[in-house]
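A structural walkthrough
Listed here are the chains, written in short residue letters.
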Amino acid sequence: MKKIAMFTMGTRGDIQPYIFLARGLVRNGYDVVLGSHPCWRDLVESAGIHFEPIGQDIDIEKEAAAIRGKNQNPAISMLKTMNFVFRIIQDSTHEIYEVCKGQDLIVVSHSQMGATEAEALGIPIVNVTLQKEMIPEKLKPQKLKDKLLGGMIGKQMAKPYNKIRKVYGLAPVKSSDEIMSQKLNLIPISKYVLERNPYWEEHHILTGYWYEEDTDYTPDEKLVQFLESGDKPVILALGAMSFEDTSEKDKLDMFVNAFQRAGCRAIIQGFQKTLKDYELPDTMIACGSVPHSWLFGQGCFVIHHCGFGTAAASMIYGIPSIPVPHVLDQMGFAKQLCDMNVATKPIHAGDLSETAIYEAIREMQISFDEKKKNAEAISEKIRKEGGVAEAVRLIDMNLK
């Protein structure tokens, strides 16, 4: 039996795609281990995947919320988050190295976690990239100034990896591109959502989204009664961006008041700390950890932060969106949805207000039929792709 280890850091949206891939590999006879923050043990093991804790036992969603709260600028917020994750990876390299021992393949996330350790052990790697901006355009003709700028950026990005490479006596690299697999980079995005960049090398492959239907989920009685008592509600699902470092009553007030002004019923996911002492109107209900495969089918449209997972889920399950992006990659996914006319214009987190939310809801209500039709058409195409099966097939080929 071939053995595969994969590593990833971040919030639940960063972990979930690898759980889907791991389950697909296990079904096809592989022995798979997934390494990540200790706080994700229950999530990974409940999916039937062998888990290995990497790094300190921290609440990564709380840490991410604290970084976001201190940095309203989306670029700075993303940079601070990346630096935070890089420090964890550097400090955990010996743990990663031990998990890599004896494996036949290492699956490496966009943070390149595990790539250097695999190289030190002579183990092949396969990359996974969620953000298209991270994929090098090696086939693009470049002017001298572009090469110089790219070289400067590449040198800065390579610094944390070179610190790890020094531990194992490996030569430094000039760019993180040099660490990536030259055989296979899996991009778990649908070709109906993202047009393949002609400047990518052949081994960068769009597989289709990785997801599973959660057929075992049963909603609680209160949620069922709420859904049966009126029109389809708005779904508010800001993911890790609704995880509060401190109570965010003012932020939740904006949404609740906007929903009331627009005459909407709503299901609110997240804001757990704020909701402890918050009385919602009868037209709204809070829910905890409910799978999007079920939840998104219950709503008329969804307001979300446009992280990779929720942006993908909105298209997989055919529901229109109001994007509220907080960091740069989320802004890219929000633009993608808007360009496909399955979403309203995004509300950037720094511009969030009751009026902005209300106006976005009105825009959605006016254009809903068209956006819903577009979302359902894309969903139908995506469901025929079989992204996990395609990724497993490509990994099979890579290991032969």
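Quick caveat: nothing in here was measured; it's all calculated off a predicted structure. (Residues numbered from 1 in each chain as written. Predicted model: local features only at pLDDT ≥ 70, side-chain atom pairs only at ≥ 80, totals over all residues. Heavy atoms only, no water.)

**What to know about the sheet that holds strand β2 (residues 31-36)**
Rule in force here: When DSSP locates at least two bridges between a pair of strands, those strands are taken to pair. Helix and strand labels come from DSSP, where a helix needs a run of H or I of at least four residues and a strand needs a run of E of at least two; each type is numbered from the N terminus. Angles here are taken between N-to-C directions and fall from 0 to 180 degrees, while the axes themselves are lines fitted to C-alpha atoms, restricted in helices to the stretch in contact. Contacts are assigned to residue pairs with any non-hydrogen atoms lying within 4.5 Å of each other.
The sheet built from 7 strands is open, its strands ordered β3-β2-β1-β4-β5-β6-β7 with parallel pairing. Where the open sheet ends on each side, the last strands, each with one partner, are β3 (50-53) and β7 (204-206). For this sheet, the mean angle separating the axes of adjacent strands, direction not counted, is 25°. Two strands pair when backbone bridges link them, and strand β4 (residues 105-108) and strand β5 (residues 125-128) are joined in this way by 3 bridges, in the parallel orientation. Each residue of the ladder has a partner; that of Ile106, found in β5, is Ile125. Sheet strands in contact with helix α1 (residues 12-27) are β1 (3-7), β2, β4 and β5, and its direction is about 165° off that of β2. In the packing of helix α5 (residues 93-100) onto the sheet, contacts are made with β1, β2, β3 and β4, and the angle to β1 comes to roughly 160°.

**Overview of α5**
The test is simple: Only protein chains enter the accessibility calculation, which uses a 1.4 Å probe; a residue is then buried when its area is under 20% of its type maximum, exposed when over 50%, and partly exposed in between. The arc refers to the directions leading from the helix axis to the C-beta atoms.
What α5 keeps buried is the set Thr93, Ile96, Val99 and Cys100. Buried residues in α5, looked at end-on, bunch into an arc of 125°, giving them a common side. Looking at the residues trailing α5, positive phi occurs at Gly102, about 80°.

**Considerations on the pattern of salt bridges**
Two side chains with opposite charge may pair up if their charged atoms get near one another. In plain terms, the rule: Definition used for salt bridges: Asp or Glu carboxyl oxygen within 4 Å of a side-chain nitrogen of Lys or Arg.
Counted according to the given criterion, the structure contains 15 salt bridges. One salt bridge in this structure joins Arg261 and Glu354, with 3.4 Å as the shortest N-O distance. You can see Arg261 sitting in helix α9 (residues 249-262) and its partner Glu354 sitting in helix α14 (residues 354-382), a full 93 residues away along the chain. The class of Arg261 is partly exposed, set by a relative accessible area of 43%. Look at Glu354 and you get partly exposed, because its relative accessible area is 25%. Among the ionic contacts, a cluster of salt bridges with common partners joins Arg23, Arg27 and Glu212.

**Notes on the packing of aromatic side chains**
Filter applied, for reference: Aromatic rings from Phe, Tyr and Trp, with only the six-membered ring used for Trp, were paired whenever their centres fell within 6.5 Å, and each pair was classed as stacked if the ring planes differed by under 30 degrees, edge-to-face if by over 60, and tilted otherwise.
Under the definition given, this model contains 7 aromatic pairs. Arranged with centres 5.8 Å apart and planes meeting at 65°, the rings of Phe308 and Phe333 form a pair that is edge-to-face. Of this pair, Phe308 sits in helix α12 (residues 308-316) while Phe333 sits in helix α13 (residues 328-339), and the two are 25 residues apart along the sequence. Classification of Phe308 by relative accessible area gives buried; the value is 12%. On the basis of relative accessible area, Phe333 is assigned to the buried category, the value being 8%.

**Quick look at the side chain of His204**
Secondary-structure assignment places His204 in strand β7. Setting aside its immediate chain neighbours within four residues, His204 contacts Ile135, Pro136, Met180, Asn185, Ile187 and Arg196.

**Section: the environment of Ile189**
With respect to the element layout, Ile189 can be found in the loop between β6 (185-187) and β7. When the C-alpha positions of Ile189 and Trp210 are compared, they lie 7.9 Å apart, and in sequence the two are 21 residues distant. For Ile189, the residues in contact, after removing those within four places along its chain, are Leu130, Leu194, Leu206, Thr207, Gly208, Tyr209 and Phe308.

**Things to note about the packing of α9 against α14**
For clarity, the threshold we go by: Any angle that is under 35 degrees is reported as roughly parallel, and any over 145 degrees as roughly antiparallel; angles of 65 to 115 degrees are reported as roughly perpendicular and all others as oblique. Take the far helix as the reference: if the near one is turned anticlockwise from it by less than a right angle, the crossing is left-handed, and if turned clockwise, right-handed. Three classes are used: nonpolar for Ala, Val, Leu, Ile, Met, Phe, Trp, Tyr, Cys and Pro, charged for Asp, Glu, Lys and Arg, and polar for all others, with Gly counted as polar.
It is at 8 Å that the axes of α9 and α14 come closest, and there the two elements cross at 40°. Between α9 and α14, the crossing angle belongs to the class labelled oblique. Relative to α14, α9 is oriented so that their crossing is right-handed. The segment α9 lies against α14, with Met254, Phe255, Asn257, Ala258, Phe259, Arg261 and Ala262 engaging Glu354, Thr355, Ile357, Tyr358, Ile361 and Gln365. Residues belonging to the contact of α9 with α14 are distributed by class as follows: 8 nonpolar, 3 polar and 2 charged.

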